[in-house]
Amino acid sequence: MDLRGTISPDRPLLVLALAEEAAHLDTDLPVLLTGMGKVNAAIALATALARGPLPASVINLGTAGALRPGNTGVHEVSRVLQHDLDTELLRTLTGQTVGAPLALADSGPVLATGDQFIADDDARDRLAAQADLVDMEGYALAATAHHFGVPVRLVKQVSDGAGEGADRTWQASVDDCARLLAGWVRDNLPGT
């Protein structure tokens, strides 16, 4: 966990997994780097929010794999789910809803979050039945922000096609993705 800047109630907190994704941010907004995966993301954001004060909002910026051909660019997520948690089976077993999908915005792609970098055509095709994009932190960050009562937005730049070779594509594209995410911040967050 690496918090750069000071959280205040009148400004958003930018949250990213990796320094590579934040490399081109030129802002005085606070930036939290969580590390990769749902556990690191949840721990880092919960720690930062518990220390207080709470930010005006949490904005998760990051890269995502496209689950369908032709899906490129920066997207604000409308709904996020966990692809590595079987919510329906757990409801059948326990009668409790655990890890239900979270609604975030009126329109936009659906994001599937899980602790697996998707670089396999079969896995990508299975996930495409339920989502448009895939990442490793979004759900955990949205759930943590909701727990603390802080508004949250997930903004994802497509970095790869989530199939064979996605690992190499991500490595080659992460710097360009960081530039595009920094541009989104400049264009969409007043006063940055």
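Scroll up to find the structure.
S.K.: Explain the pairing of strand 2 (residues 13-16) here, please?
M.R.: Moving residue by residue along a regular strand, the side chains alternate between the two faces of the sheet. Across the two faces of strand 2 the burial is the same, with Leu13 and Val15 and Leu14 and Leu16 all buried. With three bridges connecting them, strand 2 and strand 4 (residues 58-66) associate as parallel partners. Its bridge partner lying in strand 4, Val15 is registered against Asn60. Examined bridge by bridge, strand 2 and strand 3 (residues 31-33) share three bridges and lie parallel to one another. Residue pairing across strands places Leu14 opposite Val31, the latter belonging to strand 3.

S.K.: Before we go on, may I ask you to explain helix 5 (residues 166-188) in this structure?
M.R.: Because an α-helix packs 3.6 residues into every turn, residues spaced three or four apart end up facing the same way. Given a rise of 1.5 Å per residue, 23 residues ought to cover 33 Å, yet the end C-alpha atoms of helix 5 are separated by just 28 Å, more than 12% below that figure. Of all the positions in helix 5, only Ala166, Trp170, Ser173, Val174, Cys177, Ala178, Leu181, Ala182, Gly183, Trp184 and Val185 are classed as buried. Residues of helix 5 that are buried in the fold lie against strand 2, strand 4, strand 5 (74-76) and strand 10 (152-160).

Reading the values: the criteria
- Residues numbered from 1 in each chain as written.
- Predicted model: local features only at pLDDT ≥ 70, side-chain atom pairs only at ≥ 80, totals over all residues.
- Heavy atoms only, no water.
- Buried < 20%, exposed > 50% of the residue type's maximum accessible area, 1.4 Å probe, protein only.
- Helix = DSSP H or I, 4+ residues; strand = E, 2+ residues; numbered from the N terminus.
- Pairing = 2+ DSSP bridges.
- Expected span 1.5 Å × (residues − 1).
- Contact = heavy atoms within 4.5 Å.

Function cannot be inferred from these measures alone, as they are strictly geometric.
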